[in-house]
Amino acid sequence: MRRMTWNGSLVLTAVAVVALCSLSFGQATKAEEDQRLGMESHIGKLTGHAAAAQGTYRRYCVGCHGPLGDGEGENAQWIDPKPRNFTLGIFKCRSTTTGTLPLDSDIYASLGRGLDSSNMPSWNPLSAQERADLVAYVKHFSARFVTEKPGAPIEVPPKPEVTADRLKTGQAVYQKVECWKCHGPTGSGNGPSAATLTDDQNRPIAPYNFHDGTRFKCGTSDEDLYKIFMTGLDGTPMPSWSDNIKPDEAWDLVFYLRSLQPMKSKEKEIARQIGLKPGAPSAAPAPSPQQ
Amino acid sequence: MSAVRKVAVSSLLLVLFSTCFVGRAHAIPAFARKYGLRCSACHEAWPMLNYFGQKFKDNGYQLMNDRDSPIWQNNGYWPVTMRITPNWHRESTDKVAVDQAPTGQQQITAHGFDVGGLDMLSGGTLDKNISFLFVLSSDENAAFHFESVNARLDNLFGSPWLNVKMGKFELDNIVSEKRWLTLTADGGGFQLYHFVPVGDSNFLGQIGDNQFGLEWMGHSANDRTRLSASVLSTTDGNPDLPGSNTYTGFFAGSQAFELGSLGTQRVGFYAMVGQAPTNTLTSDGVPIAGAGFGNKTFSREGFNGIFYLKKLDFQVVTQHGSDDAYFGTATQVGGPTPLPAGARSAVWNGAFVETHYVYNPQLIFIQRSEWIRMSQQSIPGTPSNLGDIDNYVIGYRYMPIMNSRAGFAFHNEYSWIRQRGTAPDGSDLTSSSLMLGFDFDF
């Protein structure tokens, strides 16, 4: 009997410790976040204030991203892919080098554009000031924005004229760096590694299918596509190739990828004229991407 | 009670009746379930839309991402929503014709527990850029009618400026009565959207009623600029072509602009111009459907605006209305009585201001003040203010549940209305409503 009581006390103590730890951890997180409510964002002439966005965040964002910004909102369980955990300070869509914080304007652009193939809509109906305030509020969730500065934005050289040679070079780059391993030999998102991919929180993630005509995750323009593979999508298996692909080659790859998409384009027309078909993977080993 | 008084009282009761049973609607958790968003993403306070919700509606119930088509939904997903409001309410009218009253009239007050009608809504997309909506509304006795039934081709040729809708639908009123926040018998609807002058026989020009027709609507990519034009059957939304072969046009446009930290403001206009029959052929004395004749003209036009001052917003609507003299005097073309001497169009002006203080997405305070003034009576010599309306509403809605599956609001509201000269004794008729209810949808 005494032994049972002792065991019961142990269990109760353990439960209490765990509960208190959870409580204090939650409180500490919230308290730390509250201290960062003075966070600002700067987008062009706009200055956003985190404190001003509390109501806006509660109205529009909290259902998915959660009150603590940890991506654990009430709807998160129903959503695939899962909402971003802002506390990590890791963002897919950046103009900065991999592993660094995004510019305020990067987050602002994501808010306005929305993220295709996800539940994140375009929040363009909100006023520019509301979006700027929200950027500051998103930043306040992560201590990284206090201790670190955003990375340097990568330089996007002027886009050259698309030619048949550039398309062929782009195809060679696609094979050389083994884009096909994830995106598939024809760019259909069905490469040999596709089924095994997970994001940084170990959740399954699918590579982009160039043939379905949807918008890229981080923009619509050729420049956006250039940035996607030169900065990488942090938090996903998509690495930065800025150390392995020269700027000129990067534009060639942009042209080739455009030719794979179903929409009418100059690239697609040239590919048709020269009979360029999505190629089989080469045997050449790929260089290691920048992680 | 004189014939004119009877008509007057009947008119007021009809207006009140019509505003009571104009379908409320359009807070649709089915959309929230589809997209995983809270009610508050689209609704300032459900069912009133915010700019994000308005854009969602204007895009054909689409977020314009790659998941708009229902093919992306689980097979078990069925886009249906129901809304109902059990409540306690008190209705009081100061002068009601009563046989037992020494003066022939007395105040009548009724109160007790009750229920509002049920709305069953289904809406969404049939495929990318093909959307639909139907709203089946009942009164409190479960007598149903189709409040809305329409399909819409969205973004034709990839342009947000080309959207075509056909069926029965709400007119493109940027200050929407279908997503109103007030629910009482006297203050539940906008009087301006249903106004009929005393003695007027035209009940087909109510911009608050859903109508059968074809609508073109276009908007800029960010929805800041909106334009629409509709051609409507002049039936006031009644099925089976009951009137004559007449049509009504409705036009609306608005422009939104940002005013720094105050918010996004919108100003716009609307105009309705139509013809309706004053008489009809009969068979054994029974009107023959679709055989109306003696068409005459009516019009409604005005400005509207939505203005934000941070947590405070103002919705403003003005109206200048006109009914042909035949309508104004309830005279039938080719009928037994000629148009009274000196008869002229019935003309009125009106406006309302509805104010919301959004304390937070779950608590909103509401007031509306509405005034309608006759500027020209059809029959010369009629008191100039006969039929004028003053209506005031205050209330609040507290929404403790507002997730992507359901909404629940505690609703408390008081309204007061006065119409000049329409009591049985010819004096002003005043009534008030008080309501406490549980308004919920799922």
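Residues numbered from 1 in each chain as written. Chains lettered and ligands numbered in written order. Predicted model: local features only at pLDDT ≥ 70, side-chain atom pairs only at ≥ 80, totals over all residues.

## Things to note about the overall build of chain A
Rule in force here: Runs of H or I in DSSP of at least four residues are treated as helices and runs of E of at least two as strands, each being numbered from the N terminus. Here contacts are defined at the residue level, using C-beta atoms placed from the backbone and a cut-off of 7 Å between them.
When helices and strands are tallied, chain A shows 11 helices and 2 strands. Ordering the α and β elements of chain A from the N terminus gives α-β-β-α-α-α-α-α-α-α-α-α-α. Contacts in chain A between residues far apart in sequence, at least 24 positions, make up 65% of those at least 6 positions apart.

## Some words on the overall build of chain B
Operational definition: Two things to know: the radius of gyration comes from C-alpha atoms, and the globule rule equals 2.2 Å times the number of residues to the power 0.38. Exposed residues have 12 or fewer other C-beta atoms within 10 Å of their own C-beta, buried residues have 20 or more, and residues in between are partly exposed; the C-beta atoms are placed from the backbone.
Scanning chain B from N- to C-terminus turns up 5 helices and 22 strands. Here chain B has a C-alpha radius of gyration of 22 Å; the compact-globule value for 442 residues is 22 Å, and the two agree. Its C-alpha atoms put chain B at 65 × 45 × 45 Å along the principal axes. For chain B, the residues scored as buried account for 49% of the 442 residues in total. Here the contacts in chain B between residues at least 6 apart in sequence split such that 63% fall between residues at least 24 apart.

## Side note on the domain arrangement of chain A
Interfaces are often described in size by the accessible area the parts lose on coming together. Residue and element names in this part refer to chain A. Filter applied, for reference: Domain start and stop points were drawn from an automatic or database domain assignment. Each residue gets one of three labels, nonpolar for Ala, Val, Leu, Ile, Met, Phe, Trp, Tyr, Cys and Pro, charged for Asp, Glu, Lys and Arg, and polar for the others, Gly among them.
In terms of domain boundaries, chain A breaks down into domain 1 (36-147) and domain 2 (164-274). If you look at the interface, domain 1 gives 16 residues, while domain 2 gives 17 residues. Residues of the side of domain 1 that touches domain 2, tallied by class, amount to 5 nonpolar, 6 polar and 5 charged.

## Section: the interface of chain B and chain A
Chain B puts 24 residues into the contact, and the matching count from chain A is 23 residues. Looking at the side of chain B that touches chain A, the elements that each hand over two or more residues are α3 (39-42), α4 (51-58) and β13 (263-276) of chain B. Here the element with the most residues in the side of chain B that touches chain A is α4 of chain B; it accounts for 3 residues. Here the side of chain B that touches chain A is built from residues that sort into 8 nonpolar, 11 polar and 5 charged.

## Here's the deal with the nonpolar core
Residue and element names in this part refer to chain A. Worth spelling out the cut-off: Remark: nonpolar core denotes a set of buried Ala, Val, Leu, Ile, Met, Phe, Trp, Tyr and Cys residues whose joining runs through C-beta atoms within 7 Å.
Core analysis: the biggest nonpolar cluster contains 84 residues, and Val135, Leu253 and Val254 have the highest contact counts within it. Examining the composition of this core, we find that 8 residues originate from one element, helix α10 (residues 247-260), more than from any other. Each of domain 1 (36-147) and domain 2 (164-274) accounts for three or more of the residues forming this core. Sequence-distant contacts of valine 135, that is, excluding residues within four places in its chain, are made with Ser41, Ile43, Gly48, Asp104, Ile107, Tyr108 and Leu111.

## Points about the pairing of strand β6 (residues 119-127) of chain B
Residues and elements named next belong to chain B. The condition that has to hold: Strands were regarded as paired on the criterion that DSSP finds at least two bridges between them.
Inspection of the sheet shows strand β3 (residues 80-84) paired to β6 by 4 bridges, in the antiparallel sense. Residue threonine 81 lies in a different strand from β6, and its bridge partner there is leucine 121. Sheet topology note: the β6/strand β7 (residues 130-138) ladder contains 8 bridges and is antiparallel. Each bridged residue has a counterpart across the sheet, and for glycine 124 the counterpart in β7 is phenylalanine 132. Hairpin connection of β6 to β7: 2 residues between the antiparallel strands, including asparagine 129 at a positive phi of 70°.

## Describing the packing of helix α9 (residues 222-231) of chain A against α10 of chain A
Residue and element names in this part refer to chain A. Note the following rule: Helix axes are fitted only over the stretch in contact, all axes being lines through C-alpha atoms; the angle between N-to-C directions runs from 0 to 180 degrees. Left-handed is the label given to a crossing in which the near helix is rotated counterclockwise from the far helix by less than a right angle, and right-handed is the label when the rotation is clockwise.
The geometry of α9 relative to α10 is characterised by a closest axis approach of 10 Å and an angle of 115° between their N-to-C directions. For the pair α9 and α10, the crossing hand works out as right-handed. Residues Asp222, Leu225, Tyr226, Phe229 and Met230 of α9 form the contact with α10, whose own contacting residues are Ala250, Trp251, Leu253, Val254 and Leu257. Of the residues in the contact of α9 with α10, the class split is 9 nonpolar, no polar and 1 charged.

## Structural notes on the environment of isoleucine 379 of chain B
Residue and element names in this part refer to chain B. Examined against the element boundaries, isoleucine 379 turns out to sit in the loop between β19 (363-376) and β20 (389-402). With 57 residues separating them along the chain, isoleucine 379 and serine 322 place their C-alpha atoms 14 Å apart. The residues contacting isoleucine 379, other than those within four sequence positions of it, are Thr329, Pro340 and Ala343.

## Brief notes about unusual backbone geometry
The step from aspartate 80 of chain A to proline 81 of chain A runs through a cis peptide bond, and the omega angle for that step is 0°. Position of proline 81 of chain A relative to the elements: it lies in the loop between α3 (62-65) and α4 (104-113). With omega at 10°, the peptide bond leading from tryptophan 46 of chain B into proline 47 of chain B counts as cis. On the secondary structure map, proline 47 of chain B appears in the loop between β1 (43-45) and β2 (48-49). A positive phi angle is found at alanine 142 of chain B, which is not glycine, with a value near 65°. Structurally, the position occupied by alanine 142 of chain B is in the loop between β7 and β8 (144-153). You can call alanine 142 of chain B exposed: it has 9 C-beta atoms within 10 Å.

## Structural notes on α4 of chain B
Residues and elements named next belong to chain B. Of all 8 residues making up α4, 8 are buried, and the element is well covered by its neighbours. Turning to α4, its buried residues number three or more, namely Tyr51, Phe52, Gly53, Gln54, Lys55, Phe56, Lys57 and Asp58. Looking at the buried positions of α4, the neighbouring elements they touch are α3, β1, β2, β10 (211-219), β11 (225-233) and β13. At the C-terminal side of α4, glycine 60 shows a positive phi close to 80°.

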